[in-house]
Amino acid sequence: MPPSTRPPEARRRALALLVAALLSFLAKPADAARMFHHDLASLAFESDAIVLARRGPVPQRSTGETVIEHRVLETYTGPLRPGDLVAVPYDGVVLEPTWGWPRPAPGATAGVLSDEVVLFLRPTGSDEAGAPPWLLVDLRIFRDGQAYRFEQRMNPGPYEPVPQRADPFDIMGDPRAGAPLDQDGLRRAIDAAVARARAAHEAIAERATHEGRRKLVDLIGPPADDDDAPVPVGHVSSWDDRIATKAIEALASTGDLDALLDGVARRVGGVSYPMLPQSVSGPSLLAAAASRAVPLHRRLAALTLLEIGRFHLSSELKPSTKHAPQIASLYDDPEPEVRAAALDLRFSAQAPPPPVEAAILARWGRETDPHVQWSLLGSADHFAMREKLLGSHDVIEPIVWARRRRRVVDIFLMNTRERRHHVSRVVITARAGDRAAGTLDLTPDMLSGSASARTEIEHAFLAFTPPLAPGRYALDLRVDIEDDEKQHASRRFTLPAFRVGGAEASTSPPARSAPTGMVPPPVPPPRSCACAAPGRASEADEVETIVLLCVGLAAARRRRRAAPRAA
């Protein structure tokens, strides 16, 4: 059809693909580096000074980094005092979103970006003449009285502002984060973050004591039965939880494996690759995972560390010889969660060790748990033996399983053959005894998630209207699915009981507790492309924005220093 009659959504999708192609063309491999973002407590943990300052003029870029001078207005923590001057580089940071600030309503004035900023700083430790004494860890800015934090929304791409809401709900994408904070609200949140960071430093210093290790476990995350605690809605990309990571590393250094596994079991997100000492070996973790005398949460935590802890299963564990039968035996464990987690471990070898391949094929023929079936197919895909697995035994198509993580229900769908299925409706019923206390009836546009050629993962947030009264509820889940031929089917699940009102004996700090009111999750963005922008007023504006973006990024890449931005 002519461009002028192309549907707006299709046009935006095409323009978004053009952006992705141009960015890939312009970026050099070294420039396509992921920038991590942090919750406020992590920033306080990493900072020696936090101040409210007035930003000076932004100098024109010539070569090197942009260094901006600031005058301190108020000290939140650290040695700086009002009136002090601080010059720090803004490497990779832009003070306007890639797609521009929201346009004002007709008749309204344009928003104003304040020159007041919050700086999170640490000493550079450099003895080089003329080197600035402070390094920028991160910053917060204000526009129209609202606070903004920074994320890298596209890779490659800049570190750009996004609204700062209540932490840690905000960083996790939990819809209870509420409205953006104003300057007073941000100050209160920073005060709470500083207190939490101070408690973390103290607990790390006390890690040799039982009480210190208990504090570290509590700092990593709330107990599993605290259903009101913040929860990531789906995958949270590039979040670096420094307190949880350092707490896990501190527990690992004590030699107390039980405390380490308790801490890992509390892990919420934002912990990718903790630096573990050699005393925490792959074989010791495998032994803990294989022992049925070990509590289930510790067994799963041991498998989590084997998955994320950079243990090379093909070398250290020697799966082709000594450890292969031990790993394969976990595929027949009585606990479905252990079977699935063991199957999710990935070997660097291209071909499976014979005992592992035999165990996968044997388990496929008798496995009835859909979560484990999903993991069996994932392992088969890793070893390029999917067709061999599917040819050995038929399963009900598609594979669908579900789980509850606090107030989020995750739904997983995998197509095993050529026919494509997708989730068409989700119904969640909360029951108090025989009475239905609340029902969520959700269509796909009310869910958030992702889809590929073979899989679909959806997330539903448990926000009932009206809100459920405090108490304990059974949860029934019905997932309706539809295939390419418009044939329908349903799968039903009983999810773990759900408590409204929080855990009775929660040891999590006050900053982790949830507000009593819940709001429905926002409508998710279009799934066509992660780089798709919000709708613009006209096609000319879209094209202009894309051209300016690409030209600006090209120029920035020519001038950017090779040194990466400090984490």
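Residues numbered from 1 in each chain as written. Predicted model: local features only at pLDDT ≥ 70, side-chain atom pairs only at ≥ 80, totals over all residues. Heavy atoms only, no water.

1. A look at the overall build of the chain
Argument step 1. A tally of regular secondary structure across the chain gives 15 helices and 15 strands.
Argument step 2. Counting the 567 residues in the chain, one finds 47% classified as buried.
Argument step 3. By sequence separation, contacts in the chain at least 24 residues apart represent 70% of the contacts at least 6 residues apart.
Argument step 4. For the chain, the exposed surface amounts to about 26,900 Å²; the carbon and sulfur share of it is 54%. (Helix = DSSP H or I, 4+ residues; strand = E, 2+ residues; numbered from the N terminus. Buried < 20%, exposed > 50% of the residue type's maximum accessible area, 1.4 Å probe, protein only. Contact = heavy atoms within 4.5 Å. Areas by Shrake-Rupley, 256 points an atom, 1.4 Å probe, with all protein chains shown as cover.)

2. Some details on helix H8 (residues 282–290)
Argument step 1. For H8, the complete set of buried residues consists of Gly 282, Leu 285, Leu 286, Ala 288 and Ala 289. All buried residues of H8 fall inside an arc of 160 degrees around its axis, so they share one side. (Arc of directions from axis to C-beta.)

3. What to know about the packing of aromatic side chains
Argument step 1. With the rule as written, the count across this model stands at five aromatic pairs.
Argument step 2. Plain terms: the ring middles of Trp 401 and Phe 412 are 4.1 Å apart, the flat faces sit at 5 degrees to each other, and that makes the pair stacked. Here Phe 412 lies in strand S9 (residues 408–414) and Trp 401 lies in strand S8 (residues 399–405), a separation of 11 residues in the sequence.
Argument step 3. On the basis of relative accessible area, Phe 412 is assigned to the buried category, the value being 8%.
Argument step 4. Each residue in the set Trp 374, Trp 401 and Phe 412 is aromatic and connected to the rest through ring pairs, giving one cluster. (Phe/Tyr/Trp six-rings, centres within 6.5 Å; stacked < 30°, edge-to-face > 60°.)

4. A few points about the pairing of strand S10 (residues 421–432)
Argument step 1. Alignment of S10 against strand S14 (residues 471–483), held across 10 bridges, turns out to be antiparallel. If you follow Arg 431 over to S14, its bridge partner there is Ala 474.
Argument step 2. As paired elements, S10 and strand S11 (residues 435–442) share seven bridges and run antiparallel to each other. In the sheet register, Ile 428 faces S11, and the bridge partner there is Leu 440.
Argument step 3. Connecting S10 to the antiparallel partner S11 that follows it, the hairpin turn spans two residues, and Gly 433 within it adopts a positive phi of roughly 70 degrees. (Pairing = 2+ DSSP bridges.)

5. Considerations on the side chain of Ser 42
Argument step 1. Note on placement: Ser 42 falls in helix H2 (residues 40–46).
Argument step 2. The residues touching Ser 42, leaving out its near neighbours within four places in the chain, are Asp 240, Asp 241, Arg 242 and Ile 243.

6. Some remarks on the packing of helix H5 (residues 210–220) against helix H7 (residues 257–265)
Argument step 1. Packing of H5 against H7 brings their axes to within 8 Å, and their N-to-C directions diverge by 20 degrees. Considered as vectors, H5 and H7 are oriented roughly parallel to each other. Remark: the crossing between H5 and H7 carries right-handed chirality. Contacts from Arg 213, Val 217 and Ile 220 in H5 reach Ala 259, Asp 262 and Gly 263 in H7.
Argument step 2. Taken together, the residues that form the contact of H5 with H7 break down as three nonpolar, one polar and two charged. (Axes fitted to C-alpha atoms, helices over the stretch in contact; angles between N-to-C directions. Parallel < 35°, antiparallel > 145°, perpendicular 65-115°, else oblique. Left-handed = near helix turned anticlockwise from the far one by under 90°. Nonpolar A, V, L, I, M, F, W, Y, C, P; charged D, E, K, R; others polar.)

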